[in-house]
Amino acid sequence: MRLSWSLTVSALAITTSSVAAFAPVQNQAVATRSSLALNAVAAADVKAKQDATLEKLKAKDAGATAVSGDDLDVVFEDEHIAVVSKPSGVLTIPGKDESNPSLNKAVFDRFGSESGRMDKMVVHRLGMDTSGLVVFARTDAALRGMNSLFRSRKVTRNYEALVCGHVGQDSGSIDLPLMRDYEHPPFMRVSTDDHQRALLDLDAAEVGKKMLESPKDSLTKYEVVSREDMDGNDVTRLTLTSVSGRTHQLNVHCAAIGHPIVGDAVYGFDGEAASNGGLGEGDLPEDKASAELQQAIASACAGKPMCVHAKSISFRHPVTKEDLSFESKSSF
């Protein structure tokens, strides 16, 4: 079954506190050559790249840090939910290989669940390299209630991150749609019309349905906490609010404004995904971190955890209806 797609105008804009916006402008000849190149996407190439990367990710998951029920940093618990602070390097869920160590298994071993199934405790997740607060459901009522809260975006999550360079604006929003990147599958990138057109001749049976999904509207709000120096390199501490909660949203959005997250080996300097969130250098704001600065930070942080932490979460209790808010301190 082939992708049914209709041309829409992609909102390639970054809005700041002054509601300023930019849109990339290309030379017509360059744009034409780009479109022709994009249209020559081969399903076999996409699948081969995706399979190779998935094997690497599978091996990485298998090497995740193990955590036991006794090791858990429990922030809150009652008969319906448990809120736990996850260390970096720990999987939230085991993934397809249930033998992988995970936070989910440790929480299940310690608290159990009404259903008797650990997968029925999961209502959201953090990436393996992201630390911070995770909520688990212990009862069926809590599972239904938390799923409803997340679907209706009634859960507020704030992250703390260190990003490369000094961000100029004290606060703002990053409003850029995301899509799967067929050039660097299965990672994400900022969606553009040209990259959407390139998917027209791909078959879901060959590259998977997720690759052909429509662009996802994605909104991140940020506030500068402090502009700092890390080993002689400029970095900025940000509070990030993921309004839409897309896959890898914070990583792509920070990279797309020229300030990738410190220690991000996928979307940062010389990472596995497209640089700059898939945008060209000319599309980035003037305060972007230089390639030299990003390289220096990447070298200084090699082998260290990525600097992004799910610092706070607020929601109404799915059963008691009490307003709850929790915080966890970052390690960086």
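Check the entry above for the structure.
Quick caveat: nothing in here was measured; it's all calculated off a predicted structure.

Chemist: So what about helix α2 (residues 43-62)? Which residues, and what values?
Modeler: Taking 1.5 Å of rise per residue, the 20 residues of α2 would be expected to cover 28 Å, and the 28 Å separating its terminal C-alpha atoms lies within 8% of that figure. Among all positions in α2, only Ala43, Val46, Gln50 and Thr53 are buried. The arc that holds the buried residues of α2, viewed along the axis, is 110°, so those residues lie on one side. Among the exposed residues of α2, those pointing more than 90 degrees away from its buried face are Ala44, Glu55, Lys56, Lys58 and Ala59.

Chemist: Could you give an account of the nonpolar core, naming the residues involved and the relevant values?
Modeler: One finds Leu72, Leu103, Val107 and Leu240 to be the most contacted residues of the largest nonpolar core, which totals 42 residues. Not counting residues up to four positions away in its chain, the partners in contact with Val107 are Leu72, Val84, Gly112, Met121 and Phe136.

Chemist: Could you give me a rundown of the side chain of Lys86, with the residues and numbers involved?
Modeler: If you trace the backbone, Lys86 turns up in strand β3 (residues 81-86). Here Lys86 sits buried without a salt bridge, and the closest side chain of opposite charge, Asp129, lies 7.2 Å off (N-O distance). Within polar-contact distance, the side chain of Lys86 engages the backbone oxygen of Thr130 at 2.7 Å. Setting aside its immediate chain neighbours within four residues, Lys86 contacts Leu91, Thr92, Leu103, Leu126, Gly127, Met128, Thr130, Ser131, Gly132 and Val134.

Chemist: Got a sec to walk through helix α8 (residues 291-300)? Specific residues and values, please.
Modeler: Along α8, the residues classified as buried are Leu293, Gln294 and Ile297. For α8, the buried positions fall inside an angular range of 100° around the axis, keeping them on one side. Exposed residues pointing more than 90 degrees away from the buried face of α8 are listed as Glu292 and Ser299. Here the buried face of α8 lies against β5 (156-164), β9 (219-230) and β10 (233-242).

Chemist: Let's hear about the pattern of salt bridges: which residues, and what values?
Modeler: Counted by the stated rule, this structure contains eleven salt bridges. We note a salt bridge from Asp51 to Lys47, for which the minimum N-O separation is 2.8 Å. Remark: Lys47 and Asp51 occur in helix α2; sequence separation between them is four residues, near one turn of the helix. With relative accessibility at 33%, the residue Asp51 sits in the partly exposed group. Lys47 sits in the partly exposed class, given a relative accessible area of 37%. For the salt bridge of Asp170 with Arg227, the shortest nitrogen-to-oxygen distance reads 2.8 Å. One end of the pair, Asp170, is in the loop between β5 and β6 (171-175); the other, Arg227, is in strand β9, and 57 residues separate them in sequence. For Arg227, a relative accessible area of 38% corresponds to the partly exposed category. Beyond isolated ion pairs, a larger network of salt bridges with shared partners links Glu160, Glu228, Arg237 and Lys311.

Chemist: Please set out the side chain of His309 residue by residue, giving values where relevant.
Modeler: Of note, His309 is situated in strand β11 (residues 308-316). Within polar-contact distance, the side chain of His309 engages the side chain of Ser131 at 2.7 Å. Every residue in contact with His309, bar those within four places of it in the chain, is listed here: Ser85, Ser131, Gly132, Asn158, Tyr159, Glu160, Ser328, Lys329, Ser330 and Phe332.

Chemist: Describe the pairing of β5, with residues and values.
Modeler: Counting buried residues in β5 gives seven out of nine residues, a clear majority hidden from the surface. Bridge count for β5 against β11 is six bridges, and the pairing is antiparallel. By the bridge assignment for β11, Ala161 is matched with Val308. Sheet topology note: the β5/β10 ladder contains seven bridges and is antiparallel. Looking at β10, one finds that Cys164 is bridged to Val235.

Chemist: Which residues make up the state of the cysteines, and what are the values?
Modeler: According to the stated counting rule, one finds zero disulfides in the structure shown. There is no disulfide at Cys254, and the cysteine sulfur nearest it, in Cys164, is 9.7 Å away. Under the relative-accessibility criterion, Cys254 is labelled buried at 1%. With no disulfide of its own, Cys307 has Cys301 as its nearest cysteine by sulfur position, at a separation of 5.8 Å.

Chemist: Describe the environment of Ile93, and please don't skip the residues or the numbers.
Modeler: If you trace the backbone, Ile93 turns up in the loop between β3 and α3 (103-111). On the basis of relative accessible area, Ile93 is assigned to the partly exposed category, the value being 21%. Between the C-alpha atoms of Ile93 and Met128, which are 35 residues apart in sequence, the distance is 9.1 Å.

About the cut-offs
Residues numbered from 1 in each chain as written. Predicted model: local features only at pLDDT ≥ 70, side-chain atom pairs only at ≥ 80, totals over all residues. Heavy atoms only, no water. Helix = DSSP H or I, 4+ residues; strand = E, 2+ residues; numbered from the N terminus. Expected span 1.5 Å × (residues − 1). Buried < 20%, exposed > 50% of the residue type's maximum accessible area, 1.4 Å probe, protein only. Arc of directions from axis to C-beta. Core = buried A, V, L, I, M, F, W, Y, C linked by side-chain atoms within 4.5 Å. Contact = heavy atoms within 4.5 Å. Lys, Arg positive; Asp, Glu negative; His and termini not counted. Salt bridge = Lys/Arg side-chain N within 4 Å of Asp/Glu carboxyl O. Polar contact = N/O pair within 3.5 Å; in protein donor to acceptor, adjacent residues only side chain to side chain. Pairing = 2+ DSSP bridges. Disulfide = S-S within 2.5 Å.

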